[in-house]
Amino acid sequence: MTTEATTAPSAHGADAHSDDLPNYLTHERGIRSWMTTLDHKRIGLMYLASIIAAFFMGGVMALLVRTELLFEGRTIMNADTYNQVFTLHGAIMVFLFIIPSIPGALGNFFLPIMLGAKDVAFPKLNLGSFYIYCFGAIFLVVGIAVGHVDTGWTFYTPYSARADNSVIWMTMGVFILGFSSILTGVNFIATVHTMRAPGMNWRRLPLFIWGIYATSVIQVLATPVLAITLLLLTMEKALGIAVFDPAIGGDPVLFQHFFWFYSHPAVYIMILPGMAVVNELIGTFSRRKIFGYMFVAMSSVALALLGFLVWGHHMFTSGMSEYSTMVFSALTFLVAIPSGVKVFNWVATLYQGSISLASPMLYALGFIALFTIGGVTGLFLGTLSVDIHLHDTYFVVAHFHYVMVGGTVFGFLGGLHYWWPKMTGKMYDENWARVAWLLVFTGFNVTFFSQFVLGSQGMPRRYYDYLPRFHNLHMTSSGGAYILGVGFLVMAVMFIKSLRSGEKASENPWGSAGYEWLTTTPPHPHNFHEQPVITRGPYDYHLCTELELFEGHHKDFVASEAE
Amino acid sequence: MNPQASEQLPPQMSTLAPQVDSLYYFIYYISVISFVLIVGTMVFYVIKYRRKPGVKAQPTGHNNVLEVAWTVAPVFLLVYLFHAGWQGYVFGAVAPSNPLEIHVTGKQWTWDFTHMPSGAQESNALTVPVNEPVRLTMSSADVLHSFFVPAFRVKRDVVPGMFTTLWFEATHTTDEAEPLTIFCAEYCGATAGISAEQSVALNTNHSSMLASLRVTTREAYDTHVAQLDGPPEACVAEADPMACWGERLATEMGCMGCHNTTGAAGGIAPTWRGLWGSNRSFTDGSTREADANYIISSMMEPQSQIVTGFTTANMPVYAPTENRKLAIVAFIRSLATEGQ
Ligand SMILES: [Cu+2]
Ligand SMILES: [Cu+2]
């Protein structure tokens, strides 16, 4: 893209005395300095800690659900508890983990660094978003747990409207979380527009930023609809104005329209950041610029926009008119195109690359494989007559877990492994990281592939109990969930060990051309010592110096290279 | 005989099923091929271009032709899928003319079925005739439910405050020991309306909202429906089960809103006490003995003979099943003797 020679503003020279340089972790100390920090990196880390806590809670719920389903009839809990547990699992995973995971944690940390900026455009707002997130999270969890909410994360009326008022608390929690999303979105959009380092034009914008940018746009546009829905629900409950409850003259299907008008775009809020991370991983570990950079960037924008037009595909059996059904099916198929474009470009990037199978890359390759399965199974669900059979069965459950977990979570984990050295200044044990990857990858497929078959055979979702003929597949699925659990446990131990006794990370342990690797490790409180000037693209490996590419590798990594 | 289930899908038991299945397997093979191509290429590249000392990555080129090709090529497939899916959907949405009508009510956590035109009812079990289109008109008494029969490949939400319809034509009868299952596919909870303790005790919840579905020959279906149309269980032990059933029907159908059984005169409709066997006189001056035929014709054509002193404007027309007519007759007959 650029033919100028590289004069990257790297801090290589600073290597020798990098110990004396201030870094964001140590330049201030004490709990107070964290609680009141305006540093996007610290805020990113605080998000990271919160979403990991949320992931842990949601994961425990998932294991409880799978344990209950090991055998027919009651295994460990009654139907009522089961319904609350899967509601908690869904709501926590969606609203507290997946949506904020990549933008909140990795985005906060790396978006300004990758732009060569000192911070986000509105640092105080950024801290505010974090506290709003915490507040909303407490609302949500307490609302569900104390309020005995058993509606599922979709809280469809009239079931949700008839239970006591706790649904209001829960939706209120989601609404507050939505606010946090909106503010973060606004902040990121402003940052991308105004804070780019000299020399960084839109064509040099890392694809991670493009993805987060598209996500922010959706967050800002879609989340208000959720607020309106909540307002209507509250008005109905408090003032008796008929909106959704047919008992007083409302329309329950209207609620589904509102809900999915937010929640389908929310699916893209969840998956686009995952794709964004994968771009960085594929680029770095194959040492190539992403093939079709502009096509990939624009496919994110296309997904963001198309995502607003397809909500009706969740309602093919709800009693919508035949014509709306037709239109929604057609629009839904359109979504397949930008998704396909991304996958094809990623694979094409590998061609003639110099590919390393370091753990972050394993997650990226896992992402491609799992997202492909998630994508092609979407074709079954977009095809009307086939969807009628599969709707509300385990097939759908499997499909969205392939997209959300195989996609977003793999993207998140890949990003976490990839940027861990930069964030913490420590390396982790690559071998254990690969073992964890293998367990997670295997466990995931065992858990959810069996669910595709369950769904095709007619097993409805959200069932506490099942017919004897579904037993074997349910057993298999639960077995997979335990493998998955062990995988995460291994990973947790591996990361904790790294924090305590990990080898010191160099500035650029993966030999990446990305801008975030140009600064010290862990980064300077102001990200860079001096204002960087960008003279090449983030994937211009042919313009990188030998030093940049091969300096300071992790020892396992060097060893595997020498073979 | 129940047909065999295929590898991935339940047995094909309706006219819709083969259509859905052929499309399903078409997408399945397309998916397998795409997956193998994409992931196969990926693995191949990963092996072929793995990092080797001294070998650098080639800079990425441009290839707009390739980009446009793989953007446009899937469009053909997608248009085909959309079209085929829409056709199957329309087939499933538009019932043939003159189907057998059955009304369905979903409520936490049972399915109630009413066979039309007889009005015969059954709960949590449904029998339908083979090789005949059947249309269900469905509504919910409380929250959302969804009527799902995997073997028929049909599913439709059951919504309170609105009627949804669904039709199917079964192609095979079921074995007596192996009825099909009707599932509720829309989450409908466990505790709404009842306490958590009750729910645990009853173990009723969304996942227990199942009904069995039998497909029989038309003759067996007719017999079944005729059997359904009899005195309810609570009446069977009575001395006169038909009269007992008739009394219930008279209340259910609203007769008692106008008529009474106390013998009191002066209401908006004649009393039924002592009606049986009495001599009736009508506004046109004719007279007649109140026998079974008279009572039945009064129900079905109230305006044909109007009892002196009343107007027919008030009495609606009723068309209950044969058995129900007889039950009401039996009830009115029982009022001739009782207490007199
Ligand atoms: Cu959707
Ligand atoms: Cu139900």
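Residues numbered from 1 in each chain as written. Chains lettered and ligands numbered in written order. Predicted model: local features only at pLDDT ≥ 70, side-chain atom pairs only at ≥ 80, totals over all residues. Heavy atoms only, no water.

### A word on the overall build of chain B
(1) Moving on: Secondary structure assignment for chain B yields 8 helices and 12 strands.
(2) Moving on: The C-alpha extent of chain B, read off along each of the three principal axes, is 115 × 45 × 40 Å.
(3) Moving on: Pairs at least 24 apart in sequence give 64% of the contacts found in chain B among residues at least 6 apart.
(4) Moving on: Counting 19 positive and 29 negative side-chain charges, chain B places the averaged centre of each group 15 Å from the other. (Helix = DSSP H or I, 4+ residues; strand = E, 2+ residues; numbered from the N terminus. Contact = heavy atoms within 4.5 Å. Lys, Arg positive; Asp, Glu negative; His and termini not counted. Charge placed at Lys NZ, Arg CZ, Asp CG, Glu CD.)

### Re the coordination of the copper ion (ligand 1)
All names here are of chain A.
(1) Moving on: Looking at the copper ion (ligand 1), the protein donor atoms are His264 (ND1), His313 (NE2) and His314 (NE2), and they sit 1.7 to 2.0 Å from it.
(2) Moving on: Taken in sequence order, the residues that donate to the copper ion (ligand 1) follow the motif H-x48-H-H. Linking His264 in helix α8 (residues 252-286) with His314 in the loop between α9 (293-306) and α10 (322-350), this pair joins segments that are 50 residues apart in sequence.
(3) Moving on: Residue classification places His314 among the buried positions, given a relative accessible area of 19%. (Donors = N, O, S within 2.8 Å, 3.2 Å for Na, K, Ca; no water. Buried < 20%, exposed > 50% of the residue type's maximum accessible area, 1.4 Å probe, protein only.)

### Some remarks on the sheet that holds strand β3 (residues 121-123) of chain B
Residue and element names in this part refer to chain B.
(1) Moving on: Judged by pairing direction, the sheet is mixed, and its 5 strands sit side by side in the order β3-β2-β1-β5-β8 without closing on themselves. Sheet topology places β3 and β8 (164-169) at the edges, where each strand pairs with a single neighbour. Across the sheet, the mean angle from the axis of one strand to that of its neighbour is 25°, orientation sign disregarded.
(2) Moving on: Both strand β1 (residues 100-107) and strand β2 (residues 110-115) contribute to a ladder of 6 bridges, which runs antiparallel. In the strand pairing of β2, Thr105 is matched with Asp112. (Pairing = 2+ DSSP bridges. Axes fitted to C-alpha atoms, helices over the stretch in contact; angles between N-to-C directions.)

### Considering the coordination of the copper ion (ligand 2)
(1) Moving on: The coordination sphere of the copper ion (ligand 2), as far as protein atoms go, consists of His145(B) (ND1), Cys184(B) (SG), Cys188(B) (SG) and Met209(B) (SD), spread over 2.1 to 2.5 Å.
(2) Moving on: For the copper ion (ligand 2), the 4 donor atoms are set out with angles of 89 to 123° between them, so the coordination reads as tetrahedral. (Tetrahedral: all angles 85-135°; square planar, octahedral: opposite > 155°, others 65-115°.)

### As for the pattern of salt bridges
Residues and elements named next belong to chain B.
(1) Moving on: This model, assessed by the stated rule, comprises 10 salt bridges over all chains.
(2) Moving on: Here Arg214 makes a salt bridge to Glu176, at a shortest N to O gap of 3.1 Å. Placement of the pair is Arg214 in strand β10 (residues 211-216) and Glu176 in the loop between β8 and β9 (180-184), with a sequence separation of 38 residues.
(3) Moving on: Among the salt bridges present, the one from Asp222 reaches Arg218, with a minimum N-O distance of 3.3 Å. Of this pair, Asp222 and Arg218 both sit in helix α4 (residues 218-228), 4 residues apart, which is roughly one turn of the helix.
(4) Moving on: Here Arg218 falls in the partly exposed class, since its relative accessible area comes to 31%. (Salt bridge = Lys/Arg side-chain N within 4 Å of Asp/Glu carboxyl O.)

### Details of the domain arrangement of chain B
(1) Moving on: Split into domains, chain B comes out as domain 1 (100-226) and domain 2 (233-334).
(2) Moving on: Distance from the C-alpha centre of domain 1 of chain B to the C-alpha centre of domain 2 of chain B: 34 Å. (Domains from an automatic or database assignment.)

### Let's talk about the interface of chain B and chain A
(1) Moving on: Counting residues at the interface gives 80 residues for chain B, matched by 93 residues for chain A.
(2) Moving on: Between chain B and chain A, a total of about 7400 Å² is buried, with carbon and sulfur atoms accounting for 68% of that surface.
(3) Moving on: Taken as a group, Arg51(B), Tyr89(B) and Tyr187(B) account for 12% of the area that chain B buries against chain A, more than any other trio of residues on that side.
(4) Moving on: The interface formed by chain B and chain A contains 0 salt bridges.
(5) Moving on: Applying the counting criterion to the chain B and chain A interface returns 20 residue pairs in polar contact (both at pLDDT 80 or more).
(6) Moving on: When residues of the side of chain B that touches chain A are traced back to their parent elements, those giving at least two are α1 (17-48), α2 (64-93), β7 (154-158), β9 and α3 (196-202) of chain B.
(7) Moving on: Ranked by residues supplied to the side of chain B that touches chain A, first place goes to α2(B) with 15 residues.
(8) Moving on: When its residues are assigned to classes, the side of chain B that touches chain A shows 46 nonpolar, 23 polar and 11 charged. (Buried area = accessible area lost by both parts, 1.4 Å probe. Polar contact = N/O pair within 3.5 Å; in protein donor to acceptor, adjacent residues only side chain to side chain. Nonpolar A, V, L, I, M, F, W, Y, C, P; charged D, E, K, R; others polar.)

### Here we look at the environment of Pro129(B)
All names here are of chain B.
(1) Moving on: Tracing the chain through its elements places Pro129 in strand β4 (residues 125-129).
(2) Moving on: For the pair Pro129 and Thr217, spaced 88 residues apart in sequence, the C-alpha to C-alpha distance is 5.3 Å.
(3) Moving on: Contact partners of Pro129, with chain neighbours within four places excluded, come to Leu100, Val134, Ala170, Val215, Thr216, Arg218 and Tyr221.

### A short note on helix α14 (residues 430-456) of chain A
Note: α-helices contain 3.6 residues per turn, so residues at a spacing of three or four share the same orientation.
Residue and element names in this part refer to chain A.
(1) Moving on: If you check α14, its first and last C-alpha atoms are 39 Å apart, about what 27 residues at 1.5 Å a residue would give, namely 39 Å.
(2) Moving on: Capping of α14 at its N-terminal end is provided by Asp429; its side-chain oxygen lies 2.9 Å from the backbone amide nitrogen of Asn431.
(3) Moving on: Taken from the residues just after α14, Gly458 is the one with a positive phi, measuring 105°. (Expected span 1.5 Å × (residues − 1).)

### Comments concerning the packing of α8(A) against helix α13 (residues 394-424) of chain A
All names here are of chain A.
(1) Moving on: Between α8 and α13, the shortest axis-to-axis distance is 8 Å and the interhelical angle comes to 45°. The orientation of α8 with respect to α13, classified from their angle, is oblique. In this structure, the crossing between α8 and α13 has a hand that is left-handed. On the side of α8, the interface is formed by Val267, Met270, Ile271, Gly274, Val277, Val278, Glu280, Leu281, Thr284 and Phe285, while α13 contributes Val403, Met404, Gly407, Thr408, Gly411, Gly414, Gly415, Tyr418 and Trp419.
(2) Moving on: Class assignment for the residues of the contact of α8 with α13 results in 11 nonpolar, 7 polar and 1 charged. (Parallel < 35°, antiparallel > 145°, perpendicular 65-115°, else oblique. Left-handed = near helix turned anticlockwise from the far one by under 90°.)

### So, empty space enclosed by the protein
Residues and elements named next belong to chain A.
(1) Moving on: The tally for this structure, following the rule as stated, stands at 6 cavities of 30 Å³ or more.
(2) Moving on: Reported here for the largest cavity is a volume of approximately 160 Å³.
(3) Moving on: Contributing to the lining of the largest cavity are 15 residues, with Ile99, Pro100, Leu177, Ser180 and Ser181 lying nearest its centre.
(4) Moving on: If you list the elements that add at least two residues to the lining of the largest cavity, you get α3 (79-115) and α6 (166-194).
(5) Moving on: Among the elements that take part in the lining of the largest cavity, α6 stands out by supplying 6 residues, more than any other.
(6) Moving on: Each residue belonging to the lining of the largest cavity can be placed in one class, and the counts come to 9 nonpolar, 6 polar and no charged. (1 Å grid on protein atoms, 1.4 Å probe; cavity = no way out; pocket = protein on both sides within 12 Å on 5 of 7 lines; lining within 4 Å. Points joined across faces, edges and corners; volume = space filled by probe spheres on them.)

### Brief notes about the packing of α3(A) against helix α7 (residues 207-239) of chain A
Residue and element names in this part refer to chain A.
(1) Moving on: Look at α3 against α7: their axes get within 10 Å of each other, and the N-to-C directions meet at 130°. One way to sum up the angle between α3 and α7 is to call them oblique. Considering only the axes of α3 and α7, their crossing is left-handed. Residues Ile99, Ile102, Pro103, Leu106, Gly107, Phe110, Leu111, Met114 and Leu115 of α3 form the contact with α7, whose participating residues are Phe208, Ile209, Ile212, Thr215 and Gln219.
(2) Moving on: Of the residues belonging to the contact of α3 with α7, the class tally is 11 nonpolar, 3 polar and no charged.

### Things to note about the pairing of β8(B)
All names here are of chain B.
(1) Moving on: Of all 6 residues that make up β8, 5 are buried, and the element is covered over most of its length.
(2) Moving on: Looking at chain direction, strand β5 (residues 133-140) and β8 are connected through 6 bridges and run antiparallel. Across the sheet, Pro133 pairs through a bridge with Glu169, a residue of β8.

### A short note on the nonpolar core
(1) Moving on: Counting 244 residues, the largest nonpolar core has Phe95(A), Phe208(A), Trp419(A), Met423(A), Trp111(B), Phe147(B) and Phe152(B) as the members making the most contacts within it.
(2) Moving on: Looking at this core, the element that brings in the most residues is α3(A), giving 23 residues.
(3) Moving on: In contact with Trp419(A), other than residues within four places in its own chain, are Leu106(A), Phe110(A), Met114(A), Phe208(A), Val277(A), Glu280(A), Glu516(A) and Trp517(A). (Core = buried A, V, L, I, M, F, W, Y, C linked by side-chain atoms within 4.5 Å.)

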